[in-house]
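# Examining the three-dimensional arrangement
One-letter residues, chain by chain:
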Amino acid sequence: MNRNPAPDISDPQIRSQYSVSAIAGFAAIMKAWAVQDEDARKLIGELPPDVYESIKSGKYSETLSEDQLTRISYMIGIYKALHILLPKDLADTWMSRPNDNRMFGGIAPLEFSLKEGLPGLAKVRRLLDEESQKH
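Residues numbered from 1 in each chain as written. Predicted model: local features only at pLDDT ≥ 70, side-chain atom pairs only at ≥ 80, totals over all residues. Heavy atoms only, no water.

Counting secondary structure elements, the chain contains seven helices and zero strands. Overall, the chain shows an N-to-C arrangement of helices and strands of α-α-α-α-α-α-α. What you see for the chain is a C-alpha radius of gyration of 15 Å, in line with the 14 Å of a compact globule of 135 residues. Seen through its C-alpha atoms, the chain measures out along the principal axes to roughly 40 × 40 × 25 Å. Across the 135 residues in the chain, those meeting the buried criterion constitute 37%. Residue pairs in contact within the chain that sit at least 24 positions apart in sequence constitute 57% of those at least 6 positions apart. Surface accessibility of the chain: about 8100 Å² in total, with carbon and sulfur atoms responsible for 50%. Of the side chains in the chain, 17 bear a positive and 19 a negative charge, and the two mean positions are spaced by 3 Å. (Helix = DSSP H or I, 4+ residues; strand = E, 2+ residues; numbered from the N terminus. Rg over C-alpha atoms; globule rule 2.2 N^0.38 Å. Buried < 20%, exposed > 50% of the residue type's maximum accessible area, 1.4 Å probe, protein only. Contact = heavy atoms within 4.5 Å. Areas by Shrake-Rupley, 256 points an atom, 1.4 Å probe, with all protein chains shown as cover. Lys, Arg positive; Asp, Glu negative; His and termini not counted. Charge placed at Lys NZ, Arg CZ, Asp CG, Glu CD.)

Written as structure tokens, this is what we have:
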């Protein structure tokens, strides 16, 4: 399969181009997953409360960092995979439900992601991508 190469998000111009839609996607996913503000701020990379409030209200216009775009990319991939694998109501609550997969050890994938940070988000995305490839 011939895929387009991923954009070079180390380039500030590329990050600027993707930031607005990434912020909107992140805010929508946090709402769909019913993630508490404090946890959402951690997922995107330890944002101050006032910055997160501007993201939630759609007033944030800064360029995201490479780390933030990477985190959001993983969350978008997780969201899409869940909606491929599960009915909407289950897809939107999966992250907050305890999970008996060996990787999670009985905790919710959201808790796992918060504890593990960026590597945790990558692991959750990889797990779900593997499952969605089977369908």
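Resuming the write-up.
Next up on the list: unusual backbone geometry. What you tend to see is this: most non-glycine residues have negative phi, and most peptide bonds are trans. Positioned with a positive phi, Ala 34 is a non-glycine residue whose angle comes to about 55°. Positive phi, close to 60°, is recorded for Glu 46, a residue that is not glycine. Looking at the secondary structure, you find Glu 46 in the loop between helix H2 (37-44) and helix H3 (49-56). For Glu 46, a relative accessible area of 61% gives the class exposed.

This part covers the nonpolar core. In this structure, Phe 26, Met 30, Trp 33, Ile 78, Leu 82, Met 95 and Val 124 are the most contacted members of the largest nonpolar core, which totals 34 residues. In contact with Leu 82, other than residues within four places in its own chain, are Trp 33, Ala 91, Trp 94, Met 95 and Leu 128. (Core = buried A, V, L, I, M, F, W, Y, C linked by side-chain atoms within 4.5 Å.)

The values are spatial; any link to function lies outside them.
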